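# Chain and residue survey
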Amino acid sequence: MASTQRAVSPGAALLRSSRLFSMPAPIAPPPGDMSQATKHKSETATAAFPTHLTVTTPSTSRMVGDWGFKRPLPLKTTTKSTFPLVRVKKVDSIEHVTDFQSASDHTITLEKFREMNLSFSVPAPKDRQGNPTLISVFEESRDFTTPAPSNLLATPKGSASARAIKNDGDPLSLRWKFRGPWLAGMTDGEFDRYIAKSVRARRSEFRQFLRERLAAEKTADRNSSISEQDASTPAHAIPPVKADSITEEELLEYTRGLRGDRHELFNLVSRFLDLAPVSNADSHLAPNMLGHMIPDKAYDLYRDSPYASEGPPITHPSAGLSYLRTQAFMENHPIYGPQKSHASVKARIVTPRFGVTNQNPKIGVGGFIANIPSHETQFSSKRRHAVSAVGSNDGIPGLNDFDPSQEGGAKVYVQVQTANVDATGKVQIRLSDRDLETDIVQKELVGECDTFGGAVKEAAQPKPRSQPSGERRYTSNRTFGSAPNYGLGNLGGRDF
Amino acid sequence: MIIREFGVRQGRKALAAPLRRGQQCMRALSTETSGTPVATADPAVEAALQTSPENPTVPSLFARTAKPTRRRPVAPDTTKADWETAQQLRHNLRNVGAQVEHRYSPSDVFRNPPGPKDVTLELLMASQAHMGHHASVWNPANARYIYGIRQGIHIISLEQTAAHLRRAARVVEEVAYHGGLILFVGTRPGQTQIVTQAARLAKACHLFTKWTPGTITNSDKILPGLPVEIVNEHDQPVGGFNQHLMDRRALVPDLVVCLNPLENFTMLRECSQANVPTIGIVDTNTEPTWVTYAIPANDDSLRCLAVIGSVLGRAGEAGQKRRMEDAKNGKVTWDTPSEIKQFMDIQQKRAQWTKRAAEEEAATKDKSGGLNGKPSSGSATKDSEVFDESMQKLQMEVDAATADDVSPQLRKMSRRTD
Amino acid sequence: MPPRIPFLSAFKQPASTSFFRSQACQFSQQAPLQAIRQNVPSSPASSMLNLNDSSSKRGGNATEGVSDLFENFTAKRRTQTPEGERRVQVLGDLKGKNVSEDYMRQMPRRWREGELYAPHDLSEVEAAKWRKMTSVQRDLVDLLGLRPLDMYSNFSVVSEYMTPHGRIRKRMQTGLTPKNQRKIAKMVRRSVALGIHPSVHRHPELLMRSGHMTPQQSQAVGKWGHFV
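If you check an unreviewed UniProt entry, chain C appears there as Small ribosomal subunit protein bS18m from Apiospora rasikravindrae. What the UniProt record of chain C gives under Sequence similarities (unreviewed entry) is the line "Belongs to the bacterial ribosomal protein bS18 family."

Chain B appears in an unreviewed UniProt entry as 37S ribosomal protein- mitochondrial from Apiospora rasikravindrae. Checking UniProt for chain B, the heading Sequence similarities (unreviewed entry) contains the comment "Belongs to the universal ribosomal protein uS2 family."

Structure follows, in structure tokens:
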């Protein structure tokens, strides 16, 4: 190790430990961004994920523009912003200016996301009820990138390890990182470039790979025939077939056979290039695949990879946004006690249903755009205007139509279920159906609603002057926030 | 600190919101109860709720949102007493907890300016002295100062900066020690405070506005007839030079410190023509041969400029202090300028001539028997004696300032030998 | 657009006389005939408008229609009856929908799942940027890595960049960068010059496959319904 560490001057050592030097290089912008190909776009729109480090400074230094960079940043913009957060794209440019912009968008989004206590889960196929089985991305069985080298090598068909893999599901496909690309997500141009740059140069390597594969298959065949003929001879006593002993003719014959068997060829190529799994369970693809299969031949399909249908994420599947493993914890309320569900999140209705585009409404949860639940929920009500919104389940004001009279935009309390990262690095937050009781408890906590205080006042009123039942808000049998509803039994014999 | 803050916090909360019905409120907030304080089987609370309808019990959690049904009796205002108690509490808890160390404040460099002894690599790095310009706009003559490229910019070697800064500080100190006239120039916005502070420390001149081209090379036109003063080695003004001051030329600085050489190329050129040494902060895009003593550093960061300016100012201050001490011990560290020496010679000769003429006249009058010439000759002798005394150790200071208030001010000390 | 003749609705109605009545009063401005017209659901649009009209349900004679018309003009009637309430509500809904669409037209950004928004993205400044047309930085040819000059023989691609009359589509319609538009135009010209593709209409094979053989108004129709 001593040879690798050069002796550096004190100033150099100081510089190497400085904050300027520890600024990471910007990461690549979100891939597959087709917005550049459209006429309607905005350069200043918030990107799907941050690419630059966020920098902040103490208020005293901020007042003189000192952010630790080459020159003081202009006071006019940096001192007026609420949050002292900037991202510096260029410390110095040839125009002698520091290229910076505010980074409060991503930083505050991260803060809001952390407040939601969401955990990232492996994408699971959505069932009709919208209740997927949530597996954390931090589970040991899922959170790995490098397979054991033996796994990557060709496993002969019919061998014990291949059978075990088939039974348990291929552990390799549960990875989230692959060296090769996800073919289903590439455009033609990208695919051509990939072939030209990365694949074409590896021809001889692939032939060697095929040789080894063929040698392994031959060994397995010979062993099985020997064990069938003579059970007394152990298979491992005979030396295995070497890859060098495969002749060109044999390899040519094997290659010809592979060309007729597209599925096997794809498996071999994807093993060789370590391609990300592609979903072949799609209904329109499966018959084609079946047509190329040969009877009595074992195939290992990449069926159980969670990333086959949507593509593997470009980051760690948690994207560094949350490190929670699970949401299986219970929230406690100071008065009502433990809560059945997590606190509702106040979300913004960014696009209503009946806009110009006539698409599904988009909900903004903590800065992330989310879709409404796909199954039948309270969001599915197509009624244009909530006629009797108060106390009724249907009709979320502002969900169907944009209402300009609503101060600050339409908001709705939502229940957040889980989140995952897709192939382009975007965070997809899945919402579940609304829970009105939870909404009311949360509204009361933040001071938007006066359930408990109103009940106390009401109870404090003299008995004979009790109000008519029409004016009491929550007096029906379906009481929100009452003790029986929270599993505490009918303690007082009185609801409110 | 944590303990102290905890005490203050708890104390303030306890003082700010005195709980009326402490027990009931605590009970409403505790988890031991049913969670529905109203729906309770507790007879005491029930009775309280029943018997005091005009004063409903609202738990403190909802005190903000709940509106009282009737007006409560006005409680006595204890704000002042509470505040005093909190102050007392804070005073008593003053010594509890950890000491928070004062690390950095942007005004430190002006409150307590660092001197040449305080120049460390850490200080220079913290004040962003190592950040050069974009790598494509560099001047290859600065290659020896550059350590490498990072984040697209050239990184200036901190050792080079420190060494050159110390050398420049030494130059400033010696010039100040020998009574030279120093000029600090920083004409970019934000550099006003830096140059004025450096000039105040080093008893020098400063310039924070545009350098009027020709102030040195064409000073007869630019700076004519500005007030000039002649001082001695103790920096006390000396009279009797009115005639000289009437027709002498404007002063030229003996050292110019330039914080932004790029914008002041004209001034540096004039200085080189007038053989005035210059000190300049040279960033990676600046030509280092424009100045006599280059300090490779970041010339855009005000923090870096403030550090460098205060170091040079402190150096000048040390030089001035040494000079004054030597003057007290009778040692004068500078020579009288030749034109003043010449003027004084002429004056002495003229005085001698006057004296001789007076003596001759007195002699002729004595011969003629006149008695009125005595007092006048005596006064002339006295005048010349006073003048000779003042001529023993003389320092001249000339304030040459243009008529405009914001134009440069030059201040020069000329020298003579004993 | 030719006037719509409400054939189907006329034959679907049990009272076949209403068809002729509606034809008779189609262009009359007199109140009784208008009332008759209101009885007849002549077109889908008018049937929607008359959805909540009480007179359309009664289906009486012209006098009743006139009286209903007068009643409809009184706001009191409109608001007090249940039908009137419904009508007011539907009108309010329609108005709200119009307002909503007007506003949403000013904010044309189509949000996609997983995108981020900050307060700035909802601002007026940002909405104006999404309304404005800018030049495309990358187009389909770049994204797909196509080489247009090699595709002159692919008449489905060539037809894609032609109008039905054989003109090269302009850049506004193709959404290409100037560079790639030139390439595409050259591809079309080359294809036409080689005789691979007709110069005045799309490739016949595509026309046969498309199935849209209905003639447009400006197109002449031959003897057997084919294009001339």
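Let us now look at the overall build of chain C. Within chain C, the secondary structure is distributed over 14 helices and zero strands. When the helices and strands of chain C are listed from N to C terminus, the series reads α-α-α-α-α-α-α-α-α-α-α-α-α-α. Look at the contacts in chain C between residues 6 or more apart in sequence, and 52% of them connect residues 24 or more apart.

What follows concerns the overall build of chain B. When helices and strands are tallied, chain B shows 14 helices and ten strands. Here chain B holds 418 residues, and 36% of them are scored as buried. Across chain B, the fraction of contacts at a sequence separation of at least 24, relative to all contacts at a separation of at least 6, is 69%.

As a further point, take the confidence of the model for chain B. All names here are of chain B. In this model, chain B carries a mean pLDDT of 79, and residues with pLDDT of at least 70 account for 71%. Confidence drops under a pLDDT of 50 for residues 1-54, and excluding neighbours within four residues, the segment shows 69 contacts in the predicted structure. Below pLDDT 50 for its whole length, residues 370-418 participates in 99 contacts with residues either more than four positions away or in separate chains.

So, on to the packing of helix 7 (residues 158-177) of chain B against helix 12 (residues 302-328) of chain B. Residue and element names in this part refer to chain B. Taken N-terminus to C-terminus, the directions of helix 7 and helix 12 make an angle of 35 degrees; their axes are 7 Å apart at the nearest point. Judged by the sense of rotation from one axis to the other, the crossing of helix 7 with helix 12 is right-handed. Taking contact as the criterion, the partners of Leu165, Ala168, Ala169, Val172, Glu173, Glu174, Val175, Ala176 and Tyr177 in helix 7 are, on helix 12, Ile308, Val311, Leu312, Ala315, Gly316, Ala318, Gly319, Gln320, Arg322 and Arg323. Among the residues making up the contact of helix 7 with helix 12, the classes are represented as twelve nonpolar, three polar and four charged.

So, about the confidence of the model for chain C. Residues and elements named next belong to chain C. Taken residue by residue, chain C gives an average pLDDT of 72. The fraction at 70 or more is 57%. Taken element by element, the predicted model of chain C shows its lowest mean pLDDT in helix 4 (residues 44-49) (39) and its highest in helix 13 (residues 178-193) (95). Note that residues 1-28 has pLDDT below 50 and, in this model, 20 contacts with residues that lie over four places away or in other chains. Here residues 35-60 is a poorly scored stretch, pLDDT under 50, and it has 42 contacts once near neighbours within four places are set aside; other chains count.

Attention now goes to the packing of helix 8 (residues 203-229) of chain A against helix 9 (residues 248-260) of chain A. Axes are the key here: two packed helices are described by the angle between their axes and the distance separating the axes. Residue and element names in this part refer to chain A. Where helix 8 contacts helix 9, the axes come no closer than 10 Å and their chain directions differ by 90 degrees. Classified by the angle between their axes, helix 8 and helix 9 sit roughly perpendicular to one another. Of the residues in helix 9, those touching helix 8 at Arg207, Leu210, Arg211 and Leu214 are Glu250, Leu251, Tyr254 and Thr255. Residues belonging to the contact of helix 8 with helix 9 are distributed by class as follows: four nonpolar, one polar and three charged.

The strands making up a sheet are joined through hydrogen bonds of the backbone, oriented either antiparallel or parallel. Residue and element names in this part refer to chain B. Here three strands make up an open sheet; going across it, the order is 1-3-2 and the pairing antiparallel. Each of the sheet's edge strands pairs with one partner strand only, and the pair in question is strand 1 (131-134) and strand 2 (146-150). Sheet twist, expressed as the mean angle between neighbouring strand axes with direction ignored, is 30 degrees. One ladder, built from two bridges, connects strand 1 with strand 3 (residues 153-156); its direction is antiparallel.

A few words now on the pairing of strand 9 (residues 411-421) of chain A. Residue and element names in this part refer to chain A. Direction of pairing for strand 6 (residues 345-351) relative to strand 9: antiparallel, over a ladder of four bridges. By the bridge assignment, Arg348 is partnered in strand 9 with Lys411. Relative to strand 10 (residues 427-432), strand 9 runs antiparallel, the two sharing six bridges. Residue pairing across strands places Ala419 opposite Ile429, the latter belonging to strand 10. What sits between the antiparallel neighbours strand 9 and strand 10 is a turn of five residues, in which Gly425 has the positive phi angle 85 degrees.

Attention now moves to the interface of chain A and chain C. Interfaces are often sized by the amount of accessible area the parts lose when they come together. Across the boundary between the two partners, chain A contributes 41 residues, which contact 36 residues of chain C. Only helix 4 (104-115), helix 7 (188-199), strand 6, strand 7 (362-365), strand 8 (368-371) and strand 10 of chain A provide two or more residues apiece to the side of chain A that touches chain C. Here the residues of the side of chain A that touches chain C are counted per class, giving 13 nonpolar, 17 polar and eleven charged.

All names here are of chain A. Spatial strand order, 8-7-6-9-10: five strands in an open sheet with antiparallel pairing. Unpaired on one side and paired on the other, strand 8 and strand 10 mark the two borders of the sheet. Neighbour-to-neighbour, the strand axes of this sheet turn through a mean angle of 55 degrees, independent of strand direction. With three bridges joining them, strand 6 and strand 7 adopt antiparallel strand pairing.

Note on placement: Pro224 of chain B falls in the loop between helix 9 (219-222) and helix 10 (242-247). Sequence separation between Pro224 of chain B and Gly319 of chain B is 95 residues; the distance between their C-alpha atoms is 30 Å.

Quick look at the nonpolar core now. With 81 residues, the main nonpolar core has Val172, Ile182, Val185, Val257 and Ile308 of chain B as its most contacted residues. In contact with Val172 of chain B, other than residues within four places in its own chain, are Ile182, Ala202, Leu255, Val257, Leu312, Ala315, Gly316 and Gly319 of chain B.

This part is about helix 8 of chain A. Residues and elements named next belong to chain A. The terminal C-alpha atoms of helix 8, which comprises 27 residues, lie 39 Å apart, in line with the 39 Å expected from a rise of 1.5 Å per residue. Of the positions making up helix 8, those classed as buried are Arg211, Arg213, Leu214, Ala215 and Asn223. Those residues of helix 8 hidden inside the fold are in contact with helix 9 and helix 10 (262-273).

A few words on the environment of Gly447 of chain A. Within the secondary structure, Gly447 of chain A is located in the loop between helix 12 (436-446) and helix 13 (451-460). Through-space distance from the C-alpha of Gly447 of chain A to that of Phe368 of chain A is 25 Å; in sequence the pair is 79 residues apart.

Let's shift gears to the environment of Tyr145 of chain B. Residue and element names in this part refer to chain B. Structurally, the position occupied by Tyr145 is in the loop between strand 1 and strand 2. A count of 23 C-beta atoms within 10 Å places Tyr145 in the buried class. Between the C-alpha atoms of Tyr145 and His130, which are 15 residues apart in sequence, the distance is 9.9 Å.

So, on to unusual backbone geometry. Its identity as a non-glycine residue notwithstanding, Asn117 of chain A has a phi of 55 degrees, on the positive side. Along the polypeptide, Asn117 of chain A turns up in the loop between helix 4 and helix 5 (149-152). Residue Asn117 of chain A is classed as partly exposed on the basis of its 15 C-beta neighbours within 10 Å. If you check the backbone angles, Gln151 of chain B has positive phi at about 55 degrees while not being a glycine. Locating Gln151 of chain B in the fold gives a position in the loop between strand 2 and strand 3.

What counts and what doesn't
- Residues numbered from 1 in each chain as written.
- Chains lettered and ligands numbered in written order.
- Predicted model: local features only at pLDDT ≥ 70, side-chain atom pairs only at ≥ 80, totals over all residues.
- UniProt positions renumbered as here; feature names shortened; annotations may be inferred.
- Helix = DSSP H or I, 4+ residues; strand = E, 2+ residues; numbered from the N terminus.
- Contact = placed C-beta atoms within 7 Å.
- Buried ≥ 20, exposed ≤ 12 C-beta atoms within 10 Å, placed from the backbone.
- pLDDT = per-residue confidence, 0-100.
- Axes fitted to C-alpha atoms, helices over the stretch in contact; angles between N-to-C directions.
- Left-handed = near helix turned anticlockwise from the far one by under 90°.
- Nonpolar A, V, L, I, M, F, W, Y, C, P; charged D, E, K, R; others polar.
- Parallel < 35°, antiparallel > 145°, perpendicular 65-115°, else oblique.
- Pairing = 2+ DSSP bridges.
- Core = buried A, V, L, I, M, F, W, Y, C linked by C-beta atoms within 7 Å.
- Expected span 1.5 Å × (residues − 1).

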